[in-house]
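Residues per chain, in single letters:
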Amino acid sequence: MALKKWVALLTLALFMASILVGCGKEEPTESQPSQNVSQQTEQGTSGDDKQGDTSEAKQAGEIRLATDWPYPFHGNPFGAGGIGGAWWFAYEPFAYYIPKTGEYIPRLAESWEVDGNKVTIKLRSDVKFSDGEPFTSKDVVTTINFIQAMWQWPYEIEKVEATDDHTVVFTLTNTSFLHTLLTDGAMATLTPSHVYKDFADAAAEVAQLGKEIYYMEIEGQTVPEDKKSEYDEKAQQLREQINAFAPFETLGKIPVVGAFEPVRVTQSEMALEANKYHWTYSQMKINKIIFKKWSSNEFVWAALISNEVDAAHPSMPKDVVEQLSTLNPNLQVLTVSDLSDIALVFNFNRPLFKDINLRKAIAHILEKDKVRDVSVWQANSYGEYSHGILKSMEQEWLDQDTIQKMTKYTNDSAAAEKILTDAGYKKDGDTWKTPNGQPVQFTLSVYGPHNDWVLAAREVVQQLNSFGFKVEMQIIPEGMRDQVMQSGDYDVAIEFGATWQGYPHPLTGYQRLYEGDLFKITSFPAKEKYTTPWGELSPFDLVQDLKEVAQADKDKARELIQQLAYITNEYLPVISLYEKVLPIYYSDGYKVEGWPAKDDPIWTLAPGGIERVYNLLIGTGQLSPVAR
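What you are looking at is a predicted structure, and each value in this text was computed from that prediction instead of being measured.

Engineer: Residue-level account of the nonpolar core, with values.
Structural biologist: In this structure, Phe-94, Phe-170, Leu-181 and Trp-595 are the most contacted members of the largest nonpolar core, which totals 96 residues. Those residues in contact with Trp-595 that sit more than four places away from it in its chain are Ile-63, Asp-310, Ala-311, Tyr-586, Ser-587, Asp-588, Trp-603, Tyr-614, Leu-617, Gln-622 and Leu-623. Counting 85 residues, the second-largest nonpolar core is a separate cluster that includes Ala-416, Val-440, Val-446 and Val-484.

Engineer: Which residues make up the environment of Arg-124, and what are the values?
Structural biologist: Looking at the element boundaries, Arg-124 is found in the loop between strand E5 (118–123) and helix H3 (137–151). A residue is classified by how much of its surface remains accessible, and Arg-124, at 4% relative accessible area, is buried. C-alpha separation for the pair Arg-124 and Ser-386, spaced 262 residues apart in sequence, amounts to 44 Å.

Engineer: Please give an account of the packing of aromatic side chains that cites residues and values.
Structural biologist: In this structure the tally under the stated criterion is 32 aromatic pairs. Look at Phe-129 and Phe-135: their rings are 6.0 Å apart centre to centre, the planes differ by 70 degrees, and that puts the pair in the edge-to-face class. The class of Phe-129 is buried, set by a relative accessible area of 0%. On the accessibility criterion, Phe-135 (1% relative accessible area) is buried. Summarising the aromatic geometry, the rings of Phe-524 and Tyr-530 are spaced 5.8 Å apart at their centres and angled 15 degrees between planes, so their arrangement reads as stacked. For the pair Phe-524 and Tyr-530, one class covers both residues: buried. Taken together through their ring pairs, the aromatic side chains of Phe-346, Phe-348, Phe-353, Phe-442, Tyr-510, Tyr-514, Phe-524, Tyr-530 and Tyr-571 make up a single cluster. The ring of Trp-69 carries Lys-293 above its face, with NZ or CZ at 4.5 Å from the centroid. In this structure, Arg-612 packs its charged tip against the face of Trp-88, placed 4.6 Å from the ring centre.

Engineer: Could you give an account of the sheet that holds strand E6 (residues 157–164), with specific residues and numbers?
Structural biologist: Pairing within the open sheet is antiparallel, and its 4 strands lie in the order E4-E5-E7-E6. Edge strands, defined here as strands with exactly one partner in the open sheet, are strand E4 (109–115) and E6. Across the sheet, the mean angle separating the axes of adjacent strands is 20 degrees when strand polarity is ignored. Against the sheet, H3 makes contact with E5, E6 and strand E7 (167–172), and its axis sits at roughly 160 degrees relative to E6, the strand it touches most.

Engineer: Run through the pairing of E4, naming residues and quoting values.
Structural biologist: As paired elements, E4 and E5 share 6 bridges and run antiparallel to each other. The residue bridging Ala-109 from the neighbouring strand is Leu-123, located in E5. Where E4 folds back onto E5 in an antiparallel hairpin, the turn is made up of 2 residues, including Gly-116, whose phi is positive at roughly 65 degrees.

Engineer: Which residues make up the side chain of Thr-522, and what are the values?
Structural biologist: Tracing the backbone shows Thr-522 in helix H20 (residues 517–522). The buried category is assigned to Thr-522, whose relative accessible area is 2%.

Engineer: Let's hear about the pattern of salt bridges: which residues, and what values?
Structural biologist: Tallied over the full model, the rule gives 24 salt bridges. Note that Glu-212 and Lys-227 form a salt bridge whose closest N and O atoms lie 2.7 Å from each other. Note that Glu-212 is positioned in helix H6 (residues 200–218) and Lys-227 in helix H7 (residues 225–243), a separation of 15 residues in sequence. Between Asp-491 and Arg-350 there is a salt bridge whose closest N-O contact spans 2.7 Å. With Asp-491 in the loop between helix H18 (481–487) and strand E18 (492–496) and Arg-350 in the loop between strand E12 (331–346) and helix H12 (356–365), the pair connects residues that are 141 residues apart, well separated along the chain. Among the residues examined, Asp-491 registers a relative accessible area of 17% and is labelled buried. Ionic contacts of the salt-bridge type, sharing partners, join the residues Glu-205, Glu-230 and Lys-234 into one network.

Parameters at a glance
Residues numbered from 1 in each chain as written. Predicted model: local features only at pLDDT ≥ 70, side-chain atom pairs only at ≥ 80, totals over all residues. Heavy atoms only, no water. Core = buried A, V, L, I, M, F, W, Y, C linked by side-chain atoms within 4.5 Å. Buried < 20%, exposed > 50% of the residue type's maximum accessible area, 1.4 Å probe, protein only. Contact = heavy atoms within 4.5 Å. Helix = DSSP H or I, 4+ residues; strand = E, 2+ residues; numbered from the N terminus. Phe/Tyr/Trp six-rings, centres within 6.5 Å; stacked < 30°, edge-to-face > 60°. Lys NZ or Arg CZ within 6 Å of the ring centre and 35° of its normal. Pairing = 2+ DSSP bridges. Axes fitted to C-alpha atoms, helices over the stretch in contact; angles between N-to-C directions. Salt bridge = Lys/Arg side-chain N within 4 Å of Asp/Glu carboxyl O.

Following this line, the structure appears as structure tokens:
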């Protein structure tokens, strides 16, 4: 243990030395509180009160964060890498949602009403893009058309209409999409009409064609070949045009309605400046954001300790965290659930993994706590089950009667051996062989830049090889994760499992497993029926039913959740390893002060976009430069 601590601290020292040599240790500068800052709430001022205040007397407070972004920077949300970590500062959702309290905080929306499948959203009337152009309902319609055309999502929005400049009416296929509609940052402002006007008609046409085809397919209708061909041709042409569009290069900026816009981007640093037209501008005491390049977790935690970065959320070794009070007395740490889990996912196009006996044996072989400890020591352990419910939410959503029906996957080599032997597997020397005499041999893929995933993968490989399988680890290079996973060029992988980011509800995780992103890369046979205590059930059908009742009938929703949890645990589309937590580090009192208490519910907004927390704290004037 002493050697491990010495190695961790030596690594820290080397990283800090490289930072200080490259950047120079910057002493805090004199800062005065910004002028004209009121004590108003996040709703901001109305009318012309301080809107567009360009007074030079307003002080420019600064916060330094860490993130990633594409370079050369194109400023196109649909381009490779989008706009990186600037996303939540540049784009606004209709509302923020605080999971701990269940509270919605209006952003672009003043209010919303739900009438059946129709959602009417009233927009703020005091919103402008950072170039001074007014934001209207037309921009919302344009954005929905573009994301449906470019991403083939969200087809849950059947129709969107601008009934006046500040009213948008959505017709949804099911009301379970309401939460995503309100809180997803892509829903309103990605494509300003005055910037993307040359492509708007084509996007609307492609979006409509895509929806028509999608609705025909889910209703079991045959889509005419000429319709498919028309869609493919027009969609490809639009994608080529949009992917080639680089507004940051062409216009020298990207007009945004968010509180900050990117103004300078290099390979190592991104600078954002406050949008002087934003409704919270008059309350801001911080007017500039400097992003340092998140080149590695090690770089970021060293930058935190050396005060080069004011806040970030890297994985940090336990030994280093235990030394924080000595290394940097200003640095605080807290953890919140990241509303996601890390899992071992299978490619069901590989015959080997279609055998439930092999998957169950693997579930018994793995020492999940050991995987957690070497990967992310602060994470929540899953222990005995793999039911798709986050560990921190288990008591809230699962009945004890349901849990007692489930198989317990304890670390038990003898149980794994019996499962395999009963299924016709045999051990030949030190190697297990399948019933047809082939070695149980496969590759475990893992995305290289996620060093905590790599550590988890190494431990899993070691445990499986020790049992008698032949497993090799394959690193997925930076930038290739989506391509590898979506093409199915893997056997087994470390990936996010049943994530609840976006909507902290079991529906979100089960959608991902049985019809969404994870389903598309695993090809788990979700439409097949599986034996359960409630009869033969299809997880795909259960998800469709859950969509309809998730908000309207909580009792029925809970019943469906029990069934989905049982199927997930017994048939193992994935094996959950641990619930990911978000360790948040922030320097309190060095350059920035005003951080909320560690038990403040606002921190639970962090999963899926911690920049929203910073944005909210800056916009209310709570965060401010340290006055010296």
